[in-house]
Amino acid sequence: KIANLVPIEKISKSGDYNLSGDRYKETIGLVNQTWPMVELGEVTEIISGQSPDGNFYNDNGEGIPFYQGKSDYGAMFLDKPTKWTTQITKIAEVNDIVMSVRAPVGPVNIAPIRICIGRGLAAIRPKDKMSYLYLYYMLRETEHNIKAFSNGSTFESVNRTHISQLKIPLPPLEVQQEIVLQLDNYQKIIDGAKQVVDNYKPEIKIDPGWEEFKLKDISENLDSKRKPVTKSDRTKGIFPYYGASGIVDYVEDYIFDDNLLLISEDGANLLARVTPIAFSVSGKVWVNNHAHVLKFKCFETQKFVELYLNQINLEIYITGSAQPKLNQDTMNNIKIPLPPLDIQKQIVSRIEEEQQLVDANKKLIELYQGKIKEKIDEVWGE
């Protein structure tokens, strides 16, 4: 390491504010360092969850928050409780590590407040030699070790004894704090980037003065050229095979070679909108009969329509609830408010720039998730 973090108070004690790095170098290096492995039972207290009686539950905030199982798979801290309870059974205190012990086994959160935990959870309370944040990071990145103790036949599960036998490396407390500081900095970058990715939605502000066109009047429908192929009849290849929500497979042949807009014809996603229902494809592709195929004279118009369809509510055009469907005739008659071509190009260009920033944040998330793993592997001596 060529840089050290030094409190300003320590620098000021020298009287001359000398900023020579070597003068303050006291950090403990981690490179090639092997730390002793300890069982969690030696350095933590482990509390198995126990669910209160059902008649003590409520949804109006009376008593103490109750968590039956893991609440948030992506967050450091527990989020919304399952219920509230006026009967206190087993407690996780503030900053206890809360582990899911059944279906799924291993995922962890930190308790932000005092809570009651059910049978699906265990609380792990670090003792004096253990930083709770250090423990959280070690357990979060080593879930496979926890699953190794799985003993359930119907459901995966682990118990208090299994957890107590888990081993983790135990550096001195000051080194744990150094590790946590670095991992926290990485995690803050990840969290910030996730905010961008999770909250970004491309948006077109519609001008009421724009002329409206039916979709069939600005595009050519190529549905008749689609060819569904059952999975057993497909031959693996390099060409994308598209369905209602994107690429389903890769096949040895193609039926389109163009810039096209695909629109979901059926499926639950037409109502749920978990993924875009309109998406542009380019080049050699195969499309089955679960996605409509439209060709536009101008690529900017194609992108504008794609963005607009993904922005609006399409429920009034969809038939069926068990099997939602957007049939061809209904789709062709959807009205699109279309500005002049130069405005279309400006809007598409702006949104593409925004999406490039979102993609950059996705890469940032991957990069810093990798840095966290590398750091933890370093601690484990891997």
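Higher on the page you've got the structure.
Remember, it's a predicted structure, so these values are computed and weren't measured experimentally.

Q: Teacher, can you tell me more about the layout of surface pockets here?
A: Summary: where empty space remains is shown by rolling a probe the size of a single water molecule over the atoms. In this structure, the largest pocket occupies an estimated 740 Å³ of space. Every residue lining the largest pocket is counted, 19 residues in all, and those nearest its centre are Tyr200, Lys201, Pro202, Pro276 and Gln355. Those elements that provide at least two residues to the lining of the largest pocket are α6 (173-199), α9 (299-311) and α11 (341-380). For the lining of the largest pocket, the class distribution of residues is eight nonpolar, four polar and seven charged.

Q: Sorry if this is basic, but what is going on with the pairing of strand β18 (residues 291-295) here?
A: Both faces of the sheet carry side chains from a regular strand, because those side chains alternate between them. Where burial is concerned, most of β18 is hidden: four out of the five residues are buried. Bridge count for strand β13 (residues 220-221) against β18 is two bridges, and the pairing is antiparallel. Note that in β18 the partner of glutamate 220 across the bridge is lysine 295. By the bridge criterion, four bridges tie strand β16 (residues 256-264) to β18 in an arrangement that is antiparallel. By the bridge assignment for β18, serine 264 is matched with alanine 291.

Q: Help me understand α9 in this model?
A: Think of an α-helix as turning once every 3.6 residues; residues three or four places apart then point the same way. Here α9 contains 13 residues, and its C-alpha end-to-end distance of 18 Å stays within 8% of the 18 Å for a straight helix at 1.5 Å per residue. Here α9 has its buried residues at Thr301, Gln302, Lys303, Phe304, Val305, Glu306, Leu307, Tyr308 and Leu309. On its buried face, α9 is in contact with α7 (215-218), β16, β17 (278-287), β19 (335-338) and α11.

Q: Could you clarify how one ought to interpret the nonpolar core in this entry?
A: The nonpolar side chains of a soluble globular protein tend to be buried, and buried together. In terms of nonpolar packing, the biggest core is built from 41 residues, with Ile124, Leu139 and Ile163 touching the most fellow members. Apart from residues no more than four positions distant in its own chain, isoleucine 163 is found in contact with Leu40, Ile46, Met99, Val101, Ala122, Ile124 and Val158. Judged by nonpolar contacts, the second largest core, of 27 residues, contains Ile263, Leu314, Met331 and Leu338.

Q: What should I look at first to understand the sheet that holds strand β5 (residues 83-85) in this one?
A: In a beta sheet, neighbouring strands pair by backbone hydrogen bonds and run either parallel or antiparallel. Read across the open sheet, the five strands follow the order β3-β5-β4-β9-β6; overall the sheet is mixed. Each having just a single partner strand, β3 (57-58) and β6 (90-92) make up the two edges of the open sheet. For strand β4 (residues 64-67) and strand β9 (residues 115-117), the ladder comprises two bridges, and the chain directions are parallel. Bridge pairing in β9 links tyrosine 67 to isoleucine 117.

Q: Could you clarify how one ought to interpret unusual backbone geometry in this entry?
A: Most peptide bonds take the trans form, and the phi angle of most residues other than glycine is negative. Its identity as a non-glycine residue notwithstanding, asparagine 95 has a phi of 75 degrees, on the positive side. Mapped onto the elements of the fold, asparagine 95 is located in the loop between β6 and β7 (97-101). The residue arginine 273 is not glycine, and still its phi comes out positive at about 55 degrees. By relative accessible area, arginine 273 is classed as partly exposed at 25%.

Q: Would you take a moment to explain the sheet that holds strand β10 (residues 121-126) for this structure?
A: If you trace the four strands from one edge of the open sheet to the other, you get β2-β10-β7-β8, paired in antiparallel fashion. Two strands close off the open sheet at either side, each with one partner strand: β2 (44-48) and β8 (105-110). Between one strand and the next, the sheet's axes are offset by a mean angle of 25 degrees, whatever the strand orientation. Pairing geometry for β2 and β10, over five bridges, is antiparallel. Across the sheet, the residue bridging to serine 48 is alanine 122, located in β10. Running at roughly 150 degrees to β8, helix α3 (residues 132-140) makes contact with β2, β7, β8 and β10 of the sheet.

Definitions and cut-offs
- Residues numbered from 1 in each chain as written.
- Predicted model: local features only at pLDDT ≥ 70, side-chain atom pairs only at ≥ 80, totals over all residues.
- Heavy atoms only, no water.
- 1 Å grid on protein atoms, 1.4 Å probe; cavity = no way out; pocket = protein on both sides within 12 Å on 5 of 7 lines; lining within 4 Å.
- Points joined across faces, edges and corners; volume = space filled by probe spheres on them.
- Helix = DSSP H or I, 4+ residues; strand = E, 2+ residues; numbered from the N terminus.
- Nonpolar A, V, L, I, M, F, W, Y, C, P; charged D, E, K, R; others polar.
- Buried < 20%, exposed > 50% of the residue type's maximum accessible area, 1.4 Å probe, protein only.
- Pairing = 2+ DSSP bridges.
- Expected span 1.5 Å × (residues − 1).
- Contact = heavy atoms within 4.5 Å.
- Core = buried A, V, L, I, M, F, W, Y, C linked by side-chain atoms within 4.5 Å.
- Axes fitted to C-alpha atoms, helices over the stretch in contact; angles between N-to-C directions.

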